[in-house]
Amino acid sequence: MTGLEVLESTAPDGRVQVSRACKEEVERQQATDPDSIPRAEHLFFELRTEKHLTTSKGEVYNYIETGGTPYLAGESVEALPREESRTSLATNFLDSPMASLSSRRLADTEPVDTKNHGPAL
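Residues numbered from 1 in each chain as written. Predicted model: local features only at pLDDT ≥ 70, side-chain atom pairs only at ≥ 80, totals over all residues. Heavy atoms only, no water.

### Remarks on the overall build of the chain
- A count of helices and strands for the chain gives four helices and seven strands.
- Along the chain direction, N to C, the helices and strands of the chain fall in the order α-β-α-β-β-β-β-α-α-β-β.
- In the chain, which comprises 121 residues, the share counted as buried stands at 36%.
- Long-range contacts, defined here as pairs at least 24 residues apart, represent 64% of the contacts in the chain between residues at least 6 apart.
- Split by element, the accessible area of the chain, about 7,500 Å² in all, is 51% carbon and sulfur. (Helix = DSSP H or I, 4+ residues; strand = E, 2+ residues; numbered from the N terminus. Buried < 20%, exposed > 50% of the residue type's maximum accessible area, 1.4 Å probe, protein only. Contact = heavy atoms within 4.5 Å. Areas by Shrake-Rupley, 256 points an atom, 1.4 Å probe, with all protein chains shown as cover.)

Shown next, in the form of structure tokens:
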């Protein structure tokens, strides 16, 4: 399984999970071009704190498989009109060109041996 697939399959229901590389790219983009991400001032990242990531089927993955500890992305509830969901900004981000850039960066990371949870040899 690729790092991106692990991120997707281990995200909590209804939440958007992003890699450290994705979070860092969003923060870089916010700093260099604040208008490039709509409503970015309301975006937040919550560091995952579990010992490992688990899929809905019970498969366990270590953080190394996603390029480090991932984050749950969301939008502060106060910023949203009532009809929007908590993760609407994060979902919109995933549809943006920024997400594909982050995906490419994650895909460029070293392959991981998912059975032994280390670099692929």
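Here the narrative resumes.
### Points about the pattern of salt bridges
- Under the definition given, this model contains five salt bridges.
- The partner of Arg-48 in a salt bridge is Glu-50, with the nearest N and O atoms 3.0 Å apart.
- Judged by its relative accessible area of 37%, Glu-50 is partly exposed. (Salt bridge = Lys/Arg side-chain N within 4 Å of Asp/Glu carboxyl O.)

### Observations regarding the packing of aromatic side chains
- Enumeration according to the criterion identifies one aromatic pair in this entry.
- Relative to Tyr-71, the ring of Phe-45 lies with its centre 6.4 Å away and its plane at 80°, an arrangement referred to as edge-to-face. Within this pair, whereas Phe-45 is found in strand β2 (residues 43-47), its partner Tyr-71 is found in strand β5 (residues 71-75), the two being separated by 26 residues in sequence.
- With a relative accessible area of 21%, Phe-45 lands in the partly exposed category.
- When the ring centre of Tyr-71 is taken as origin, the NZ or CZ atom of Lys-23, which lies over that ring, is 4.9 Å away. (Phe/Tyr/Trp six-rings, centres within 6.5 Å; stacked < 30°, edge-to-face > 60°. Lys NZ or Arg CZ within 6 Å of the ring centre and 35° of its normal.)

### A short note on the confidence of the model for the chain
- For the chain, per-residue confidence averages 76 on the pLDDT scale, and residues scoring 70 or more make up 63% of the total.
- Low confidence marks residues 117-121, where pLDDT is under 50. Its contacts with residues over four positions away, or in another chain, come to 12 contacts. (pLDDT = per-residue confidence, 0-100.)

### Quick notes on the sheet that holds strand β1 (residues 16-18)
- Within the open sheet, the three strands sit side by side as β1-β5-β2. Their pairing is antiparallel. With one partner strand each, in any of the chains shown, β1 and β2 form the two edges of the open sheet. Averaged over all adjacent pairs, the angle separating strand axes in this sheet is 40°, with direction ignored.
- As paired elements, β1 and β5 share three bridges and run antiparallel to each other. Within the sheet, the bridge partner assigned to Gln-17 lies in β5 and is Leu-72. (Pairing = 2+ DSSP bridges. Axes fitted to C-alpha atoms, helices over the stretch in contact; angles between N-to-C directions.)

### Brief notes about the nonpolar core
- Counting residues in hydrophobic clusters, the biggest one holds nine residues: Val-16, Val-18, Cys-22, Val-26, Ile-37, Ala-40, Leu-43, Tyr-71 and Ala-73.
- Going through the elements one at a time, β1, α2 (20-32) and β5 are the ones with two or more residues in this core. (Core = buried A, V, L, I, M, F, W, Y, C linked by side-chain atoms within 4.5 Å.)

### Focus: the side chain of Thr-10
- Inspection of the secondary structure puts Thr-10 in helix α1 (residues 3-10).
- Apart from the residues lying within four places of it in its own chain, the contact partners of Thr-10 are Gln-17, Arg-48, Leu-53, Thr-54, Thr-55 and Tyr-61.

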